[in-house]
Every structure is written in C-alpha cells, then in structure tokens.
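So you can see what is in the structure, the chains are spelled out below.
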Amino acid sequence: DPRVVGINIDEDLRQLIRVTAKKLYNNRKKPSIQTVYEEIRLAHFVAGYRESDGTMVPIFKSASDSITYRQVRYWLQKEVDLLESMRKREGEHRITLTKRALPGDAAGRVVDGPGARFEADATPVDSWLVSRRDPNKILGRATIYTIIDVFSRLITGIWVGWEHPSWLGAMMALENMMSDKVAFCAAHGITIRPEEWPSHHVPRALVSDRGELFSQHANQLIRHLHIERITAPPYRGDLKPYVERHFGKLREDVRALPGGIQDRDRGERDYRLSAALDLEDFTQVLIHLVLEHNNTVVSKGFRVPKDMSPDVLLTPATIWQWGVEHRAGLLRTVSLPQLRYSLLPHRSASITREGVLASTQRYTADWAQELQWFAKAALVGPQTIEVAYDPRSVDGLWWQDSDGVVRELVLRPEDQREVGGLSWDEAAAWRAVVAERRATTRNDTDQATATHRAHIHAITENATKRAKRAQQASGLSAKERLKDRVAHRQEERRQQREAERWMAPAPQALPRPIEAPDKAEISLLGDLERIIPDGENLDE
C-alpha cells in the first residue's frame, strides 16, 4: 500500500540498528540520528543505482518498503544504553564532571564540623613575578597551594613558591595549615587578630588529587597524624569544589596585578614585561586575599545549619568559630617538632661510636650522649633507627622516641665545616667532587710516589753497601762495634754543632734617627722621666 510509511521492525532490524549505533552513533565525532538514519538506508534500503553526470546515484526503496527516521530514532533511543552512549560520545572525563547525576552535596553528607574534611590543591600563579635580588630579572609563574575547610569554607593553609607541584610544596602548605597564623602573618609584616584567621589544626580527612598526597611521603602523614586521605580521580575537580571555586576567584584577582596574564592582540605590549612583584610581595598580596576571603560573606551555596544563631555572621571565620564551639571533638593540634617529623621524608640511620650516621654525615646531640647511644655502639656495634630529614638542609635530623617525643640531632662540628648549610643533594654532589679530586690527585701523585720510593731504595741500598764494606775493612766484631757508643755519639754531636752553628752577621749601617718621635716614643720618654730623677746621667 503506497499510503503505508515504514516497515515492521523485527528482531533483525533491531539488531541492525544496535550494530549501526555502536559503530556510528557512539563515538567522539558525535554524529546525529539523521546521519545514522542515512547510513542505514544507504546500506540496506537501496533498490538500485542510476548514472548522473558520470556518478552512480542510489535509488531508495519506496517509503512502504523502507525504514523511517522516526523508527530509527525510536529504536535507537530504546535499544542503546544511554549512559554508555554518553561516555562514548562525550568522553568519560566530561561525563563524570558535567553530566553525572547530582544526588546531593559532594561532601555535605560527611561534614559535621570544622576539620571534618579539608580540600587541598595546587595551581600556577596567573601572574609573572620578578627576582627579589634583581627586579630586572623576570622569573615566571610560581605555584600556589591552598587548603580549605569544607564545613566553614575557611582557608586553613597556603603556600606559594618556586617548587613545581610536588610533596615539598604540599608539605609547606600542610605546615602552614597546622601553624599559628598570627605568627605567620607577622613574619610577612602583616598584623592580624587571632579571630581573623583562627585555624591551626589537623583535619580528620584531607581530599586531594592523585598527586603529591598519594606519594610515599604522604603515608607518614597518615600514619603519624591519623589523617584520612581521600584521593580524587583525575579530572574530578567536582570532588573538591570549594578549593576549585576559590582558585577561579583567585585567578581574577591575580590577573589584575602587574604582570598578570592577559589576552592580548598582535602589537600590544607583552604583559610579562609589566611584572613588578617578587615572591615576598606576592605572598603579602596572597595573605590579604585570604584574609578577605575568610572575613567576607560565604557564597549562596552554603547551607546554614538550622541550629546556628541568627547573630552569627555568615563569614568563613565566624562560621568556623561557631563550629568549634557547637561541633566540638574534631579539631586537633600538634607541636612543631611533631608536625615536621610527620611531614618530612624518612630514612634509616645508624647509631655508631662516632655519632648518628645518615648517608655520610654524622650527627650528635646532648640527649643522645646522655642516653649513651655512642658508648653502647662502641661496645655492641651500630644500631639502625628511623629519622626524618629535610631534603633542603643537612644540618639536622629528627627522631621520635617510644613516648612520641620528637628530638633533634645536629651535625658534628667537623661535618658542619664541610657540608653545613647545604642541601642533601648539594652535600652528595660536593662529596662526589671531593672523591673525584681525590682520585685525580692520587693519579697525579703516583709518579711522585714512585720517584721518591726509588730514591729511598737507592739511598738505603748505597748505605747498606757502604756499611758492609766498612765492616769488612775494619774486621771489628759485633761487640766491638757497639762499644763506646756514648763517646762516639758525643763526638758526632760536636761535629754537627760545628757544622750548623750560625755565623755573626756582617756589620751594617744603622738608620738615621727620626726627627719627630711618634706617639709611642713620646709616651716612653714620659715614662722614663718619671722613673729616672732629674740630673742623673742616662748614659750610665
């Protein structure tokens, strides 16, 4: 019937649509359903071909014997797995980030107070900085680490520096997170009240990328400070939305600074040449931006707890303080030695009679001598311990005793003179240089050693021959040769003294006297006048 449009869709046609969709529709080129429909008709519903200007053009079957666009769309949507299709067409990263279901707050279900969960991340500074030593030297972009409390949105830790995203940068941000902020700001010339930046605590959980905090160094942080580590998969910034949102605002503020990254047209001045801030300047700017964030109203996305008093200002700092008072039990603090012991990388060291040996450096401490570490090592041999070290300096080590007390070891004075103030890499490089110089010197002195040894051998050989000839010529016995040793030695001493005595120097003309005596001579003359009575002859 020519009035009938489309054919019945049996299992074979459904399978055809499934295969075609998997082949054509589910790919990153994201073809339309119309494209799939046309491909199906060209492959399966062509009655024949006709020539048109040298090209073979397909002749489709009648509408009653062919599939329709509506049928393809219906069965495509019915037969195709929607989620799988989205992954194929959009990509896994985009799907998980922008098109996934949102049943609730990414972190709200587990956040019940300040310190329950912190988010940490790093980003390059969107501004070019100059050298502190020479402002004419434009260095480039530093790295910012930021840590934010999910409950209050308070920024709890920052660090900016020239390290690329690494454990060293993360370690500095974590130290700042657990440090007193009044002292930190004062170190950069900024005076604040404690309530303006009240955090110096250890969180219960820390969210970060599978980067620095997934390294082996972070395992110590987990073990010693009992922090739950939550790692977000790649391209899942939505799992740490608050620190990501802060970075978005930070970029806007930073790009307004001298040297801030700008879009520029051809012929416009290079924004990098406007750079004027050094690292210290930028750190001060960053502190003020953090203080501004901590003491301004939170975003509309913040869900105000129903038991929060209407008198509480909705700023991160006041929300934090309210949470400390009404949601207690989450916050912890640690001492600075304990903090650094937990953050720094660890290595093994040996207790020896000369000190604690780590690599080739030797360390000591009064408390270690009181514990008789080195005396015991001399008796029973070296003992292995675990210590924390700062890769940036060989000057000290940290050791934790069984009670959890962290103690510091320092370089022995001899080692301090050799490698004090160097980093571990620099100390290793210096010792490699010394070893190379020693090997080169040894090669250069081998010839000198051989020469001197040859002369010594010749001297001793000649002396031996001379003594043998003299003994044979004298015919003296061994007893006679040992007789009168004292007299013989005295005669040899007399002859040596005669040969080595100093002769009197030849007479020389004395220098003319100085007409004007200097201050020292005037003082001496005055002393003589006081000592010798008037009228006495000085020549006597």
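Parameters at a glance
Residues numbered from 1 in each chain as written. Predicted model: local features only at pLDDT ≥ 70, side-chain atom pairs only at ≥ 80, totals over all residues. Heavy atoms only, no water. Helix = DSSP H or I, 4+ residues; strand = E, 2+ residues; numbered from the N terminus. Buried < 20%, exposed > 50% of the residue type's maximum accessible area, 1.4 Å probe, protein only. Contact = heavy atoms within 4.5 Å. Salt bridge = Lys/Arg side-chain N within 4 Å of Asp/Glu carboxyl O. pLDDT = per-residue confidence, 0-100. Pairing = 2+ DSSP bridges. Axes fitted to C-alpha atoms, helices over the stretch in contact; angles between N-to-C directions. Core = buried A, V, L, I, M, F, W, Y, C linked by side-chain atoms within 4.5 Å. Polar contact = N/O pair within 3.5 Å; in protein donor to acceptor, adjacent residues only side chain to side chain. Parallel < 35°, antiparallel > 145°, perpendicular 65-115°, else oblique. Left-handed = near helix turned anticlockwise from the far one by under 90°. Nonpolar A, V, L, I, M, F, W, Y, C, P; charged D, E, K, R; others polar. Patch = residues over 30% accessible without salt bridge, like charges linked within 9 Å, V, L, I, M, F, W, Y side chains within 5 Å. Areas by Shrake-Rupley, 256 points an atom, 1.4 Å probe, with all protein chains shown as cover. Lys, Arg positive; Asp, Glu negative; His and termini not counted. Charge placed at Lys NZ, Arg CZ, Asp CG, Glu CD. Phe/Tyr/Trp six-rings, centres within 6.5 Å; stacked < 30°, edge-to-face > 60°. Lys NZ or Arg CZ within 6 Å of the ring centre and 35° of its normal.

Engineer: Help me understand the overall build of the protein chain in this model?
Structural biologist: Each helix and strand in the protein chain was counted, giving 19 helices and 15 strands. When each of the 540 residues of the protein chain is scored for burial, the buried share is 37%. For the protein chain, the share of sequence-separated contacts (at least 6 apart) that also reach a separation of at least 24 residues comes to 63%.

Engineer: In this structure, what is going on with the pattern of salt bridges? I would like to understand it.
Structural biologist: Within this structure, the stated rule accounts for 18 salt bridges. Measuring nitrogen to oxygen at the nearest pair gives 2.6 Å for the salt bridge that ties Arg494 to Glu491. Residue Arg494 and its partner Glu491 are located together in helix 18 (residues 485–500), separated by three residues, close to a single helical turn. The network of salt bridges with shared partners includes Glu354, Arg362, Asp415, Glu418 and Arg431.

Engineer: Can you walk me through the confidence of the model for the protein chain in this structure?
Structural biologist: The predicted coordinates of low-pLDDT regions are not to be read in fine detail. Across the protein chain, the average pLDDT comes to 81, with 82% of residues at 70 or higher. Counted against residues more than four places away or in other chains, residues 97–109, with its pLDDT under 50, gives 15 contacts. A low-confidence stretch, residues 535–540 (pLDDT under 50), is modelled with one contact involving residues beyond four sequence positions or located in other chains.

Engineer: Please explain the environment of Pro413 as it appears in this structure.
Structural biologist: Topologically, Pro413 is positioned in helix 15 (residues 413–419). Its relative accessible area of 51% is what places Pro413 among the exposed residues. The sequence separation of Pro413 and Arg362 amounts to 51 residues, and the corresponding C-alpha distance is 9.3 Å.

Engineer: How do you make sense of the sheet that holds strand 12 (residues 361–364) when you look at a structure like this?
Structural biologist: In a beta sheet, neighbouring strands pair by backbone hydrogen bonds and run either parallel or antiparallel. Within the closed barrel, the six strands sit side by side as 10-11-12-15-14-13. Their pairing is antiparallel. Sheet twist, expressed as the average angle between the axes of neighbouring strands with direction ignored, equals 45°. The pairing of strand 13 (residues 383–390) with strand 14 (residues 393–400) spans three bridges and is classified as antiparallel. By the bridge assignment, Tyr389 is partnered in strand 14 with Leu397. Together, strand 10 (346–352), strand 13, strand 14 and strand 15 (406–411) form the strand contacts of helix 12 (residues 336–343), whose direction differs from that of strand 14 by roughly 105°.

Engineer: What is the right way to look at the nonpolar core in this model?
Structural biologist: The nonpolar side chains of a soluble globular protein tend to be buried, and buried together. Counting residues in hydrophobic clusters, the biggest one holds 37 residues, and the most contacted among them are Ile144, Ile158, Val160, Trp197, Phe282 and Ile287. When contributions to this core are tallied by element, the ones reaching two or more residues are strand 6 (143–149), strand 7 (155–161), helix 7 (181–187), helix 9 (241–255), helix 10 (279–294) and helix 11 (316–326). With seven residues, helix 10 is the largest single contributor of residues to this core. When near neighbours in sequence (up to four residues on either side) are disregarded, Phe282 contacts Val125, Leu129, Ile144, Val160, Val254, Leu257 and Leu277. Residues Ala120, Trp159, Ala173 and Leu221 belong to the second largest nonpolar core, which totals 29 residues.

Engineer: Hey, could you run me through the side chain of Thr123 in this one?
Structural biologist: Its place among the elements puts Thr123 in strand 3 (residues 118–124). In this structure the side chain of Thr123 is engaged in a polar contact, spanning 3.3 Å, whose partner is the side chain of Arg251. When residues no more than four places from it in sequence are discounted, the contact partners of Thr123 are Ala142, Thr143, Ile144, Phe247 and Arg251.

Engineer: Looking at this structure, how should I read the packing of helix 9 against helix 10?
Structural biologist: Geometrically, a packed helix pair is captured by the angle between its two axes and the distance between the axes. Following both chains from N to C, one finds helix 9 and helix 10 inclined at 130°, their axes separated by 12 Å at the closest point. Classified by the angle between their axes, helix 9 and helix 10 sit oblique to one another. Crossing of helix 9 against helix 10: the hand is right-handed. For the pair formed by helix 9 and helix 10, the contact residues are His246, Lys249, Leu250, Asp253 and Val254 on the first element and Phe282, Leu286, Leu289, Glu292 and His293 on the second. Of the residues belonging to the contact of helix 9 with helix 10, the class tally is five nonpolar, two polar and three charged.

Engineer: Help me understand a positive patch on the surface in this model?
Structural biologist: A surface patch of like charges, here positive, comprises Arg485, Arg489, Arg493 and Arg497. Mapped onto the secondary structure, Arg497 falls in helix 18. Classification of Arg497 as exposed rests on a relative accessible area of 59%.

Engineer: In this structure, what is going on with the packing of aromatic side chains? I would like to understand it.
Structural biologist: Any two aromatic rings considered together are summarised by their centre-to-centre distance and by the angle between their planes. Using the criterion set out here, one finds seven aromatic pairs in the structure. Seen in terms of ring centroids, Tyr145 and Trp159 are 6.4 Å apart; in terms of plane orientation they differ by 50°. Their pairing is tilted. Pair noted here: Tyr145 is in strand 6 and Trp159 is in strand 7, with a separation of 14 residues, a long-range link. Here Tyr145 and Trp159 have matching classes, each one buried. Through a chain of ring-to-ring contacts, the aromatic side chains of Trp367, Trp373 and Trp399 assemble into a single cluster. In this structure, Arg272 packs its charged tip against the face of Trp128, placed 5.2 Å from the ring centre. For Arg407, the ring lying beneath its charged end belongs to Trp367, and the centroid distance is 5.3 Å.

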